[in-house]
Amino acid sequence: MKHIIETERLILRNFSLDDAQNLYDLNLDPDVLKYTGDRTFDSVNSARTFLKNYIDYKENGYGRWAVIKKDTDRFIGWCGLKFNEENLIDVGFRIFRKEWNKGYATESAKASIQYGFETLQLNEIIARVSAQNKSSLRVIEKLKMVFWKYDYCSGIENAMYFRMNKNNYDPLV
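All of these numbers come straight from a predicted model, not from anything done at the bench.

1. Regarding the overall build of the protein chain
Part 1 of the reasoning: Along the backbone of the protein chain there are 6 helices and 8 strands.
Part 2 of the reasoning: Along its sequence from the N terminus, the protein chain presents helices and strands in the succession β-β-α-α-α-α-β-β-β-α-β-α-β-β.
Part 3 of the reasoning: Computed over the C-alpha atoms, the radius of gyration of the protein chain is 15 Å, within 12% of the 16 Å expected from 2.2 N^0.38 for a compact globule of 173 residues.
Part 4 of the reasoning: For the protein chain, the spread of C-alpha atoms along the three principal axes comes to 40 × 35 × 30 Å.
Part 5 of the reasoning: Looking at the 173 residues of the protein chain, the share that counts as buried comes to 50%.
Part 6 of the reasoning: For the protein chain, restricting intrachain contacts to residue pairs at least 6 apart in sequence, the fraction spanning at least 24 positions comes to 57%.
Part 7 of the reasoning: About 9,500 Å² of surface is accessible on the protein chain, with carbon and sulfur atoms providing 46% of the total.
Part 8 of the reasoning: Both charge centroids of the protein chain, one from 26 positive and one from 24 negative side chains, sit 2 Å from each other.

And the structure:
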C-alpha cells in the first residue's frame, strides 16, 4: 500500500479494498456523521463499491487517505485533499469517535495541507465545516485557516468556508 505522508504518530496512505469494513464502521456512528451531510453505507459491500470506484488518486494525484496509527498499525479514520464539486481543493477529515480529542484530526490535516502546498504545489486549500461543529472548527482554527464566507455545502446549511493560500501558509505553525 502506498504511504503518502508520515507524521510523528500517523501514516496517511491510499485506501485499499481492505478498508471497506473500516469505512463502513466509521460511517455507522451517527456522531461521526452528524455535521457532514453524508449517509451511512448500506453495507460493507457498498463501502467496497465506493472504494472500487474511487478515482481521485488517478484523476487528481491526491484524495482522501486512510489514517493509520503507527504504534498499532490500526485504521482510525481518513483525512486528505479533495477536488470538490465547486472546483476547489478542500481538506477534510473523519476520525473514529474513540480517537477524538487526541490531536489526530489536526495532525493529519496539517500534514495534508503541507503536502498540498509543498509537494503538489497547490495555490489554495479550503475547508468547509458546519457552523455547529465546534470540534472541527477548533481543528480549522489550529490549522490557521482564514474564514472566507458562509454558504450551502453538500447538505449542510450555514456551512463556514475557510481558506489558506500558499502565500500565507506557514509550515512551522
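That shown, we press on.
2. Quick notes on helix α6 (residues 134-142)
Part 1 of the reasoning: Three or more residues of α6 are buried, namely Ser 136, Leu 137, Val 139 and Ile 140. Around the axis of α6, the buried residues are gathered within 155° of arc, so they sit on the same side. Of the exposed residues in α6, the ones pointing more than 90 degrees away from its buried face are Lys 134, Glu 141 and Lys 142.
Part 2 of the reasoning: If you follow the buried residues of α6, they end up packed against β5 (89-95), α5 (104-119), β6 (124-130) and β8 (156-165).
Part 3 of the reasoning: Two residues or fewer after α6 comes Lys 144, characterised by a positive phi angle close to 65°.

Procedures and definitions
- Residues numbered from 1 in each chain as written.
- Predicted model: local features only at pLDDT ≥ 70, side-chain atom pairs only at ≥ 80, totals over all residues.
- Heavy atoms only, no water.
- Helix = DSSP H or I, 4+ residues; strand = E, 2+ residues; numbered from the N terminus.
- Rg over C-alpha atoms; globule rule 2.2 N^0.38 Å.
- Buried < 20%, exposed > 50% of the residue type's maximum accessible area, 1.4 Å probe, protein only.
- Contact = heavy atoms within 4.5 Å.
- Areas by Shrake-Rupley, 256 points an atom, 1.4 Å probe, with all protein chains shown as cover.
- Lys, Arg positive; Asp, Glu negative; His and termini not counted.
- Charge placed at Lys NZ, Arg CZ, Asp CG, Glu CD.
- Arc of directions from axis to C-beta.

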